[in-house]
Every structure is written in C-alpha cells, then in structure tokens.
Amino acid sequence: MQKPKFEVADIFRRHGACWRAANGAHLSPGQRRVMSAIELCRTAALGGHVERCADCAYTRVAYNSCRNRHCPKCQWQAAQRWLAAREAELLPVPYFHVVFTLPAEIGAIAYQNKAAVYGLLFKAAAQTLMTIAADRKHLGADIGITAVLHTWGQNLDHHPHVHCIVPGGGVSLDGERWISCRPGFFLPVRVLSRLFRRLFLDGLAALFDAGALKFFNDLVALSERDAFIARLAPLRAKEWVVYAKRPFAGPKQVLAYLARYTHRVAIANSRLVEQTDEHVVFRWKDYRATGRAKNKVMRLAAGEFIRRFLLHVLPDGFNRIRHYGLFANGHRAEKLALCRRLLDASATDRKAETIAANDDGVVASPEPPPCPCCGGRMIRIESFDGSHSRPRPLWRLDTS
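Quick look at the structure, then. (Residues numbered from 1 in each chain as written. Predicted model: local features only at pLDDT ≥ 70, side-chain atom pairs only at ≥ 80, totals over all residues. Heavy atoms only, no water.)

**Here's the deal with helix H2 (residues 29-40)**
Each full turn of the α-helix corresponds to 3.6 residues, which orients residues three or four apart in the same direction. Over its 12 residues, H2 runs 17 Å from end to end, which matches the ideal 16 Å to within 8%, given 1.5 Å per residue. Where the residues of H2 are buried, they touch helix H1 (8-23), helix H4 (107-112) and helix H9 (302-310). Backbone geometry just after H2 places Arg-42 at a positive phi near 55 degrees. (Helix = DSSP H or I, 4+ residues; strand = E, 2+ residues; numbered from the N terminus. Expected span 1.5 Å × (residues − 1). Contact = heavy atoms within 4.5 Å.)

Structure representation (structure tokens):
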C-alpha cells in the first residue's frame, strides 16, 4: 500500500497548537491526550530503537508509536492480533451483518453522555437481536453476537451506530440442536427496528430517572423531566434505522470484513487528499447518492476538521468491541464447543490466545519488517528513551 502524502498527525502538528489555544475551554482531558498522542506518534519524543540487518548490516532507526486507539497509524497491528485470536472461534456457517443506528435527534444527548448512552446502544441492540432470535415465530434459538461501535459518518459528523456480526443460526432453546436461519434471511428488519426503538427509549428514560444523564449548554432545559420526556415522545412514532446486509460467503469473508471494521478510527490517513494553511481536503462517500456520484471530496477549515475528529474520542476504559449471547466472555469457550458439536465441526488447529474479558491482552512483539536492501532479518541492537517516554507493557492490545 502506498504511503499517504500526509497524515492526521501532520494536521495536528500544523494546526493543533493554535486550535487548542482558541478552543481549550471546550476540550476534555481525553481529547487533549488524544491530540498529544497523535502529534507525538512515531517521533523521537516517544523514544525508539535501532535495528541492524543480520546479513548486510543495513541500519535504521524506528521511533515508538503512541498506541492510542484513536490514532490512525496504530490500529493495524492491534487489529491483526485481535483477528488472530478470533479466527479459531469462527463457526462454519453463513454470517450476517446487522447495523443499529441512533436517530439524529438523540445525537446531542449521546455526545454529552457518551459512556451511558453508547453503553445503552450496545445493550439495546444485543437484547433486540437475542429476543427476536429466541422467539419461535422467527428462529427459536440462542445466538452469538460480536458488536462494534462506530460514532462517525463518512463526513466525520457524529453518527453513533453499532455493527453486529451474527452467525446465521443458533442453539435451540433446549440446547440439543443447531437451528439454521432461512438461506439469505436472518431476522425481519422491521420487527428488529420496533423492538430496538422501545428498548432504547425505555432505557434512556431509566437512565434519566437514575440521574445518570447530564445536560449542558443548549440541552440544559432537558434536566427537567417533563422537557426530557417531551423530547423523546416524537421518537416513539418515528421509524428507526436498522438494516441487515447480505450474508457473508463464509468465515474467511467474515475475517476480512472484521479486519476493516473492528479497529477503524474516524478517518484513515489514506482518505486525506490535501492540507493547506487553512483547509483540509479528504475523500468521502455519500451513501444517499448512487453510482459514481457516491464518491466525493470534502473541503473543511482545518479547525473544523480537528473538531469533527475529536467528536469521536471515547471515554477512558470504554470497550468499543463487545460480545453477547453465545459469545459472551463468561462462557464463550463452553458455548463454542457446544456449537461445534451440534454442527459436527471440529475446532481449527490454530488455537486462539487467551483474551481477558474486555479483549485486552499481552502478546509477544512481532518480528520487525525485513531489511529493505536485501530482505534479511533485522535485529534490534539498541533502544533509547524520548522526552515523553513512559513505561508500558509490551504490545498491549487496545480493542476496547
């Protein structure tokens, strides 16, 4: 893959200081840390190491990465490790992709209460799928779900939605057989949409009654219960967006898809086109258009680009990949063994790594890229600290 001409880090380095000076009062500590991490990523400030080729003695300096989960440059290796751990868990059945999206009217409430509302989005989506799947009118089975949170649209606006990857079937309620869904059809989308709407709105009202929601600026009036309930009332009659994409052809296609989705950030460096002293230009897809008209180019003021990017900084410790039903962390291995027995399928020879409940783990450092001169093995011969170096576990996965 061709290296991008410039990166999000270059935009932050060029415009970040001025933007922080003008907007510092509106930045959260988490957003400040993300900006700083991306600006320092793979620079001498984070330290690094020296590698030498064992064959031709070619020497190169490699600077450390920030490993921040919002950094566009630090996601590929984390994604590969996560996928390696998931590969042995795939079942030999078709998989479906179902997306649950919050209405725009809830966007501002979600942004001011990220942990509570994003958590509710996960819970409502998973509960919707499991409830309808367990209904004998539809499938009558317990299912497994892997859910991934994205908070952005192609134009970087705030657009919270959850991608759910689900096997095309499940274990019968008595645990005695595998029940497959109809070919090419998982569950009725309209039924999913109606239940998701009810579960989410009821859950949001419960969060309000528990005092778990806070409102600021132009939303402060919603602190009054009557105003809050009135705000939600029209949404109970509105159609909510839930859609199911075509089923995957098989487990390999699921892995390829997950590789693109699990560790994606708001914008990839490959989409950036140009930056000037005032503007940033990037490619985006307008899904309301058709054909070639989908592919467009957007020009934003540099400060507006930074503002939109930072909309998608997640709260500290918030897990953006979650597993439910048969795939829940507490009994995943046991339930997968049951699924394979019912499907008469043996587990793959390649064993998954043991991953903690939030999918974080510590694994060995991979081999460095080969020598660019002769293809020989590069050996680390020296390490050095930078002005912002800090101790940390080797290759700690950030998939939350």
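The discussion continues.
**Quick look at the sheet that holds strand E5 (residues 144-152)**
A sheet is described by the order of its strands in space; here 5 strands give the open sequence E9-E3-E6-E5-E13, paired in antiparallel fashion. With one partner strand each, in any of the chains shown, strand E9 (242-245) and strand E13 (321-325) form the two edges of the open sheet. Geometrically, the sheet is characterised by an average inter-axis angle of 25 degrees between neighbouring strands, direction not taken into account. Both strand E3 (residues 95-101) and strand E6 (residues 158-167) contribute to a ladder of 7 bridges, which runs antiparallel. The residue bridging Phe-96 from the neighbouring strand is Val-166, located in E6. Contacts between helix H8 (residues 251-261) and the sheet are confined to E3, E5, E6 and E9, with E6 contributing the most and set at about 160 degrees to the helix. (Pairing = 2+ DSSP bridges. Axes fitted to C-alpha atoms, helices over the stretch in contact; angles between N-to-C directions.)

**Description of the nonpolar core**
Counting residues in hydrophobic clusters, the biggest one holds 52 residues, and the most contacted among them are Leu-129, Phe-186, Phe-196 and Phe-200. For this core, the element with the most residues is helix H5 (residues 114-134), which contributes 11 residues. Not counting chain neighbours up to four residues away, the residues in contact with Leu-129 comprise Val-98, Phe-100, Ile-143, Ile-145, Cys-164, Val-166, Phe-186, Leu-187 and Leu-192. Membership of the second largest hydrophobic core comes to 34 residues, among which are Val-280, Trp-284, Met-298 and Phe-305. (Core = buried A, V, L, I, M, F, W, Y, C linked by side-chain atoms within 4.5 Å. Buried < 20%, exposed > 50% of the residue type's maximum accessible area, 1.4 Å probe, protein only.)

**A look at the layout of surface pockets**
In this structure, the second largest pocket occupies an estimated 840 Å³ of space. Around the second largest pocket, the lining comprises 27 residues; the ones closest to its centre are His-26, Gln-31, Tyr-111, Lys-114 and Leu-311. Residue assignment for the lining of the second largest pocket shows that the elements contributing at least two residues are H1, H2, H4 and H9. If one sorts the elements of the lining of the second largest pocket by residue count, H4 sits on top with 4 residues. (1 Å grid on protein atoms, 1.4 Å probe; cavity = no way out; pocket = protein on both sides within 12 Å on 5 of 7 lines; lining within 4 Å. Points joined across faces, edges and corners; volume = space filled by probe spheres on them.)

**A few points about the side chain of His-161**
Within the element layout of this structure, His-161 appears in strand E6. Of note is the side chain of His-161, whose polar atom sits 2.6 Å from the backbone oxygen of His-159. (Polar contact = N/O pair within 3.5 Å; in protein donor to acceptor, adjacent residues only side chain to side chain.)

**Quick word on the packing of H5 against helix H6 (residues 189-209)**
Between H5 and H6, the shortest axis-to-axis distance is 9 Å and the interhelical angle comes to 140 degrees. Here H5 is positioned oblique relative to H6, judged by the angle of their axes. Note that H5 runs across H6; the crossing there is right-handed. Note on element contacts: H6 touches H5 through Val-191, Leu-192, Leu-195, Phe-196, Leu-199, Phe-200, Gly-203, Leu-204 and Leu-207, opposite Ala-116, Val-117, Leu-120, Leu-121, Ala-124, Ala-125, Gln-127, Thr-128, Leu-129, Thr-131 and Ile-132. A class-by-class count of the residues in the contact of H5 with H6 yields 16 nonpolar, 4 polar and no charged. (Parallel < 35°, antiparallel > 145°, perpendicular 65-115°, else oblique. Left-handed = near helix turned anticlockwise from the far one by under 90°. Nonpolar A, V, L, I, M, F, W, Y, C, P; charged D, E, K, R; others polar.)

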